[in-house]
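Now for the letters of each chain:
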Amino acid sequence: MHISELYQIYQKHPVVTTDSRNCPAGSVFFALKGESFDGNRFAANALDAGAAYAVIDDPEAKTDERMILTENVLQTMQQLAGLHRITLGTPVIGITGTNGKTTTKELMAAVLSTSYRLLYTQGNLNNHIGVPLTLLRLTREHEMAVVEMGANHPGEIRALCEIARPDYGLITNVGYAHLEGFGSFDGVLRTKGELYDCLRRTNGKAFIHRENEDLQKMAGGLEQIVYGEGEDAFVSGRVTGSHPLLEFEWRQRGGGIHAIRTHLAGDYNLCNALAAIAVGRYFNVPAEAIDRAVASYEPTNSRSQWKQTEQNTLVIDAYNANLSSMEAALQYFAALPVSPKAVILGDMLELGAESLRLHAGIVEKLTAFGFDEVFLCGSDFSAAGGRFACFPDIEALRNYLVIHPLQGCHILIKGSHGIHMERIVAAL
């Protein structure tokens, strides 16, 4: 079936699902494959559950005329999403970066939603599956879309841009992450920069952090909307407080000063907030609405969260971790005027051959900061941990904390998502 014919079916049945257990009446089921599953096996179940059609790529699975056979289900879904995006012509803002892209996306969505009917990436559905699923949620009612794009291998941002075709782009920053897939820091730079490459081809515009030299070098030839700390930026700002949560002032070039008290832990979130503000002001969202949106945004899912328990005060920034985000969190926590302080860190995953060296560098910083308690979790931290308490996995750490509870501490919790640092929160 040609993609244009499938698009006609989709227009009549504009709800897409990839889960045979969740097939709304009249939806289209895409039988995706993974390392441990094959959606083709569940196509019949999807039709029984209410799907109008099932898109499959295994000829042996075709047992119903409502099953649409293609060569590759994932590629078909991506092509369909790209065609839908072009057909509607909705302005799209693409966002990527090593750190802060989800928080920035959420802040941006909070700001833009005050003035526009907005579609934006839910959670972290930012990969080769999540981006097309997001775009297939677009309707003619939406006035704008914010699409988050993640990558851990070269070429992935380029591929996502070919689907989403962003009119505007924002790279939060570029750091040492996913080196296992990218091969080197230069590989990270090139891949994130694929968003700028796309904007050059389409005469798009980029929102750029003024103080980030890497982004400045990569953005040559682009029309830029600049945010940062310098007052000559389109939007500028400065931290006015970070204990316990970020407070800052901002101003648009030539305008008055606005003060915001946020629910975000960490002064490193200033850049994320300024990015959202710059996007909002560029699209004429009233400054007062921006202030309310940023001030009322509350982080979830272990991102920059401040949590008070019966025993301790927690800073939970454990959704993910890489070298730059780990260093920023430690610097922020070290500067907090509180005592005693405990730090609980999990491995930074996917750093490849550089992993042990980078973990050892974090251990050196921990020694220099002189925190009252330090607990390290994971094989790389265990290998580099030196004099600090080290645990092979999260269960061993959790069991220790249950038997030896911390009391009356301010505690920073950070680690890569695969370490599951969130599992120790109940013990603190």
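For the structure, see preceding data.
Quick summary incoming for the structure in this document. (Residues numbered from 1 in each chain as written. Predicted model: local features only at pLDDT ≥ 70, side-chain atom pairs only at ≥ 80, totals over all residues. Heavy atoms only, no water.)

### Things to note about the sheet that holds strand E18 (residues 389-391)
Reasoning step 1: Taken together, 6 strands build an open sheet; the order of strands is E14-E15-E19-E16-E17-E18 and the sheet is mixed. Here the strands that pair on one side only, and so sit at the sheet edges, are strand E14 (305-308) and E18. When strand polarity is set aside, the average angle formed by the axes of neighbouring strands in this sheet is 15°.
Reasoning step 2: When strand E17 (residues 373-377) meets E18, the two strands line up parallel, connected through 3 bridges. Paired with Cys 377 across the two strands is Phe 391, which belongs to E18.
Reasoning step 3: Helix H13 (residues 323-335) rests against E14, strand E15 (313-316), strand E16 (341-346) and strand E19 (410-414) of the sheet, and its axis sits at about 170° to E16.
Reasoning step 4: Where helix H16 (residues 394-403) meets the sheet, it contacts E16, E17 and E18, and its direction lies at approximately 150° from that of E17. (Pairing = 2+ DSSP bridges. Helix = DSSP H or I, 4+ residues; strand = E, 2+ residues; numbered from the N terminus. Axes fitted to C-alpha atoms, helices over the stretch in contact; angles between N-to-C directions. Contact = heavy atoms within 4.5 Å.)

### Considering the packing of aromatic side chains
Reasoning step 1: Across all of its chains, the model carries 11 aromatic pairs by this definition.
Reasoning step 2: Measuring from ring centre to ring centre gives 6.4 Å for Tyr 168 and Phe 207, while their planes differ by 40°; the resulting arrangement is tilted. Taken together, the residues Tyr 168 in strand E8 (residues 168-171) and Phe 207 in strand E9 (residues 205-209) connect sequence positions 39 residues apart. Each of the two residues, Tyr 168 as well as Phe 207, counts as buried.
Reasoning step 3: For the pair Tyr 282 and Phe 283, a centre-to-centre distance of 5.1 Å together with 90° between the ring planes defines the contact as edge-to-face.
Reasoning step 4: Tyr 282 gets classed as partly exposed once you look at its relative accessible area, which sits at 25%.
Reasoning step 5: Feature note: the residues Tyr 168, Phe 207, Tyr 282 and Phe 283 constitute an aromatic cluster, connected by ring pairs.
Reasoning step 6: Against the face of Tyr 319 rests Arg 303, its NZ or CZ located 3.7 Å from the ring centre. (Phe/Tyr/Trp six-rings, centres within 6.5 Å; stacked < 30°, edge-to-face > 60°. Buried < 20%, exposed > 50% of the residue type's maximum accessible area, 1.4 Å probe, protein only. Lys NZ or Arg CZ within 6 Å of the ring centre and 35° of its normal.)

### Examining the pattern of salt bridges
Reasoning step 1: Counted under the stated rule, the structure contains 16 salt bridges.
Reasoning step 2: In this structure, Asp 19 and Arg 21 form a salt bridge, with 3.0 Å as the shortest nitrogen-oxygen distance.
Reasoning step 3: The shortest N-O distance in the salt bridge between Arg 117 and Glu 143 comes to 3.8 Å. Of this pair, Arg 117 sits in the loop between helix H4 (101-112) and strand E6 (118-120) while Glu 143 sits in the loop between helix H5 (130-135) and strand E7 (144-148); the two residues are 26 residues apart in sequence, bridging distant segments of the chain.
Reasoning step 4: Given a relative accessible area of 32%, Glu 143 falls into the partly exposed group.
Reasoning step 5: Each of Lys 105, Glu 106 and Glu 148 takes part in salt bridges that share partners, so that together they form one network. (Salt bridge = Lys/Arg side-chain N within 4 Å of Asp/Glu carboxyl O.)

### Some thoughts on the packing of helix H6 (residues 156-164) against helix H9 (residues 194-202)
Two packed helices can be described by the angle between their axes and the distance between those axes.
Reasoning step 1: Between H6 and H9, the least distance of the axes is 8 Å, while the angle of their chain directions is 40°. Crossing of H6 against H9: the hand is right-handed. Taking contact as the criterion, the partners of Glu 156, Ile 157, Arg 158 and Cys 161 in H6 are, on H9, Glu 194, Leu 195 and Cys 198.
Reasoning step 2: Tallied by class, residues from the contact of H6 with H9 come to 4 nonpolar, no polar and 3 charged. (Left-handed = near helix turned anticlockwise from the far one by under 90°. Nonpolar A, V, L, I, M, F, W, Y, C, P; charged D, E, K, R; others polar.)

### Considering the nonpolar core
Reasoning step 1: Ranked by size, the top nonpolar core spans 47 residues in total, and within it Phe 30, Leu 135, Val 174 and Tyr 196 carry the most contacts.
Reasoning step 2: Excluding residues that lie within four positions of it along the chain, Phe 30 makes contacts with Leu 6, Val 16, Thr 17, Thr 18, Val 55, Val 73, Thr 76, Met 77 and Leu 80.
Reasoning step 3: Membership of the second largest hydrophobic core comes to 38 residues, among which are Phe 207, Ala 275, Ala 276 and Tyr 297. (Core = buried A, V, L, I, M, F, W, Y, C linked by side-chain atoms within 4.5 Å.)

### Considerations on the pairing of strand E3 (residues 53-56)
Reasoning step 1: Pairing of strand E2 (residues 28-30) with E3 involves 3 bridges; the strand directions are parallel. Within E3, the residue paired with Phe 29 across the bridge is Ala 54.
Reasoning step 2: Taking the sense of rotation as the criterion, the β-α-β connection linking E2, helix H2 (residues 43-49) and E3 turns out right-handed.
Reasoning step 3: Judged from the 3 bridges that link them, E3 and strand E4 (residues 67-69) form a sheet pairing that is parallel. Paired with Ile 56 across the bridge in E4 is Leu 69. (Right-handed = clockwise from strand over helix to strand, strands pointing away.)

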